[in-house]
Amino acid sequence: MPDDYEMAGLAVPESINELHDLLERVAADHPHLDPGDLMMFETAVIEVAGNVVEHGRPKGKVVYRFTLGVRPDRIVAHMREASDAIPQFSQDSADQLDESGRGLALSRAVLDEMSYRRADGENIWTLVRNLA
C-alpha cells in the first residue's frame, strides 16, 4: 500500500478529473482513513487545482506537479505550478455573493494548514489535513 502519490501534467479541466481519480485511489489504498477527512481534503485539493486551471497563465499551457503523502497523523499535498499568474487572496469575505477567491477561502477553512509561496517562477501550495 503506497503512502506517496504523484502526478503531473497540464493544468486543464481534464486534470481535475485525474486528481479525483488519484484521490479515489488514495481512499482505496487506505481504507482506515476517515471518509470525512478525505472529503474535506479532496475539497481543498480540487479548489486549489481549479484555481490553477482557471487563473493560470498562459492558459492551457501551465505545467503542474502534484504530490500527496499519507502519514500516520495527517495527509499532506504539494502542488507546484509554473504559471505567470500570482494568486490573489481575498482578505474580505464580506460579500457572500462574490465567488472570486471563495474557493481558496473554503480550502483554508477545511484544512489545518495551507500555505503558498512563489519560488523559481513557480507557485507552490502546501495543503495539510490532520487526521482524527
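These lines cover the structure that appears in this document, whether it is placed above or below. (Residues numbered from 1 in each chain as written. Predicted model: local features only at pLDDT ≥ 70, side-chain atom pairs only at ≥ 80, totals over all residues. Heavy atoms only, no water.)

What about the packing of aromatic side chains?
Then, number 1: All chains considered together, the criterion is met by one aromatic pair.
Then, number 2: The interplanar angle of 55° and the centroid separation of 5.0 Å between the aromatic rings of Tyr 116 and Trp 125 together place this pair among those described as tilted. (Phe/Tyr/Trp six-rings, centres within 6.5 Å; stacked < 30°, edge-to-face > 60°.)

A word on the pattern of salt bridges
Then, number 1: This model, assessed by the stated rule, comprises five salt bridges.
Then, number 2: When the shortest N-O distance is used, the salt bridge between Arg 129 and Asp 37 registers 3.0 Å. With Arg 129 in strand 5 (residues 122-130) and Asp 37 in helix 2 (residues 35-55), this pair connects stretches of sequence that are 92 residues apart.
Then, number 3: The exposure class assigned to Arg 129 is buried, which follows from its relative accessible area of 16%.
Then, number 4: Of the residues examined, Asp 37 reaches a relative accessible area of 6% and is grouped as buried.
Then, number 5: With a closest N to O distance of 2.7 Å, Asp 73 and Arg 74 form a salt bridge. (Salt bridge = Lys/Arg side-chain N within 4 Å of Asp/Glu carboxyl O. Helix = DSSP H or I, 4+ residues; strand = E, 2+ residues; numbered from the N terminus. Buried < 20%, exposed > 50% of the residue type's maximum accessible area, 1.4 Å probe, protein only.)

Description of empty space enclosed by the protein
Then, number 1: Following the criterion strictly, the structure yields one cavity of 30 Å³ or more and no others.
Then, number 2: If you trace the largest cavity, you find it lined by Ala 11, Ser 15, Ile 16, Leu 19, Ala 49, Val 52, Val 53, Tyr 64 and Met 79.
Then, number 3: The set of elements that each furnish at least two residues to the lining of the largest cavity consists of helix 1 (13-29) and helix 2.
Then, number 4: By residue class, the composition of the lining of the largest cavity is eight nonpolar, one polar and no charged. (1 Å grid on protein atoms, 1.4 Å probe; cavity = no way out; pocket = protein on both sides within 12 Å on 5 of 7 lines; lining within 4 Å. Points joined across faces, edges and corners; volume = space filled by probe spheres on them. Nonpolar A, V, L, I, M, F, W, Y, C, P; charged D, E, K, R; others polar.)

Looking at the nonpolar core
Buried together is how nonpolar side chains tend to be arranged in soluble globular proteins.
Then, number 1: Leu 19, Phe 41, Phe 66, Leu 68 and Met 79 are the most contacted members of the largest nonpolar core, which has 32 residues in total.
Then, number 2: Those elements that place two or more of their residues in this core are strand 1 (4-10), helix 1, helix 2, strand 2 (63-70), strand 3 (74-81), helix 3 (102-110) and strand 5.
Then, number 3: It is helix 2 that contributes the most residues to this core, nine residues altogether.
Then, number 4: Those residues in contact with Phe 66, other than ones at most four positions away along the chain, are Tyr 5, Glu 6, Met 7, Leu 19, Leu 22, Val 45, Ala 77, His 78 and Met 79. (Core = buried A, V, L, I, M, F, W, Y, C linked by side-chain atoms within 4.5 Å. Contact = heavy atoms within 4.5 Å.)

With respect to the side chain of Ser 15
Then, number 1: Mapped onto the fold, Ser 15 is located in helix 1.
Then, number 2: Apart from the residues within four sequence positions on either side, Ser 15 is in contact with Met 7, Leu 10, Val 53 and Tyr 64.

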